[in-house]
Amino acid sequence: ASDRNRLSPAVGHLYPAGTSMLADVGDEDELGRVLELFPQYSSIWNVHAAGGSDGKSIDDAFYERDVQMLELAFEGQMHFAAFYAYVKLKEQEIRNLVWISECILQQQKEEIHKFVPVFSFNAPWRAGSKKHGR
């Protein structure tokens, strides 16, 4: 458990209580119980627990959350986070292009739409804001 604590960052939503609880996790069920305590991660865990609803893996759910947070950082002004967000969003665009290319090469064209959109009005976090009149 002490080795896991050394690998955990000393910042973020999980620090300090969550990182100490994660150090004692021994299986997937315990991991789920710990993540359910943190609203930022419980929805991502629920995607995994539901067996990847909408064909989405837990990795996809984490990527979507990252893109959402990076878009918010990029849209903010007068701080250096916008530069970091720009680079990370470009990395996601490259990941999307690789995904689309692999789908075409492997004749899996029905899977092409399963990428994480960047600055898309159809993104789940933006589509939800339209419904609420924002």
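Once that is clear, we can look at the nonpolar core. The biggest cluster of nonpolar side chains holds nine residues, and these are Val67, Leu70, Ala73, Ala85, Leu89, Val116, Val118, Ala123 and Trp125. The set of elements that each furnish at least two residues to this core consists of α5 (58-75) and α6 (81-105). No other element matches α5, which puts three residues into this core. Once you skip the residues sitting within four places of it in the chain, Val116 turns out to touch Asp60, Tyr63, Glu64, Val67, Gln92 and Asn96. In this structure, Val25, Val34, Leu35 and Phe38 belong to the second largest nonpolar core, which totals seven residues.

Looking at the chain as a whole, the pLDDT averages 82, with 90% of positions reaching at least 70. When mean pLDDT is compared element by element in the chain, α6 scores highest at 92, while helix α7 (residues 124-131) scores lowest at 59. Overall, residues 130-134 carries pLDDT values under 50, and its contacts beyond four positions in sequence, including any with other chains, amount to two contacts.

In this section: helix α4 (residues 39-49). Side chains that are three or four residues apart share a direction in an α-helix, a result of its 3.6 residues per turn. Of the positions making up α4, those classed as buried are Tyr41, Ser42, Ile44, Trp45 and Val47. Here the buried face of α4 lies against α3 (28-35) and α5. With its phi angle positive at about 80°, Gly51 sits one or two positions after the end of α4.

To continue, consider the packing of α5 against α6. Between α5 and α6, the least distance of the axes is 8 Å, while the angle of their chain directions is 140°. Along this stretch, α5 crosses α6, giving a crossing that reads as left-handed. Along the contact surface, α5 presents Tyr63, Val67, Leu70, Glu71, Ala73 and Phe74, while α6 presents Ala81, Ala82, Tyr84, Ala85, Tyr86, Lys88, Leu89, Gln92 and Arg95. Class assignment of the residues belonging to the contact of α5 with α6 gives a composition of 11 nonpolar, one polar and three charged.

Summed over all chains, the structure comprises four aromatic pairs. Put simply, the rings of Phe74, Tyr86 and Phe119 pair up and form one aromatic cluster. In this structure, Arg65 packs its charged tip against the face of Tyr41, placed 5.3 Å from the ring centre.

Tallied over the full model, the rule gives four salt bridges. The salt bridge partner of Glu111 is Lys114, with a shortest N-O separation of 2.8 Å.

Turning next to a nonpolar patch on the surface. A surface patch of nonpolar side chains, amounting to about 360 Å² of accessible area, comprises Phe74, Tyr86, Val87 and Phe119. Assignment of secondary structure puts Tyr86 in helix α6.

Looking now at the environment of Phe38. Structurally, Phe38 can be placed in the loop between α3 and α4. By relative accessible area, which is 12% here, Phe38 ends up buried. Spatially, the C-alpha atom of Phe38 lies 7.5 Å from that of Leu14, the residues being 24 residues apart in sequence. Setting aside its immediate chain neighbours within four residues, Phe38 contacts His13, Leu14, Gly18 and Met21.

What counts as what
What you see as residue numbers is a count from 1 along each chain, following the sequence as written. Local features in this predicted model are restricted to residues of pLDDT 70 or higher, and side-chain atom pairs are both shown and tallied only at a pLDDT of 80 or more, whereas totals for entire chains, interfaces and linings draw on every residue. Think of the side-chain values as coming from all heavy atoms in the structure, minus any hydrogens and water. Definition of nonpolar core: a set of buried residues of the types Ala, Val, Leu, Ile, Met, Phe, Trp, Tyr and Cys, connected through side-chain atoms within 4.5 Å. Think of it in three bands: residues with accessible area under 20% of the maximum for their type are buried, residues over 50% are exposed, and the middle band is partly exposed, with areas taken using a 1.4 Å probe on protein chains only. Helix and strand assignments come from DSSP, with helices taken as H or I runs of at least 4 residues and strands as E runs of at least 2, each series counted from the N terminus. Note on definitions: a residue-residue contact is assigned when non-hydrogen atoms from the two residues lie within 4.5 Å. Per residue, pLDDT captures the predictor's confidence, and it can take any value from 0 to 100. Fitting a line to C-alpha atoms yields each axis, with helices limited to the stretch in contact; the angle taken between N-to-C directions then spans 0 to 180 degrees. By definition, turning the near helix anticlockwise from the far helix through less than a right angle yields a left-handed crossing, and turning it clockwise yields a right-handed one. As a working rule, the residues Ala, Val, Leu, Ile, Met, Phe, Trp, Tyr, Cys and Pro are called nonpolar, Asp, Glu, Lys and Arg charged, and the rest polar, with Gly in that last group. When two rings of Phe, Tyr or Trp (its six-membered ring) have centres within 6.5 Å they constitute a pair, described as stacked for plane angles under 30 degrees, edge-to-face for angles over 60, and tilted for the intermediate range. To sit over a ring, a charge needs its Lys NZ or Arg CZ within 6 Å of the ring centre and within 35 degrees of the ring normal. Salt-bridge detection follows one rule: a side-chain nitrogen of Lys or Arg within 4 Å of a carboxyl oxygen of Asp or Glu. Patches here are clusters of residues that have more than 30% relative accessible area and form no salt bridge, with a 9 Å joining cutoff for like charges and a 5 Å cutoff for nonpolar side chains (Val, Leu, Ile, Met, Phe, Trp, Tyr). Each accessible area value is a Shrake-Rupley result obtained with a 1.4 Å probe; residue values ignore everything except the protein chains displayed when judging cover.

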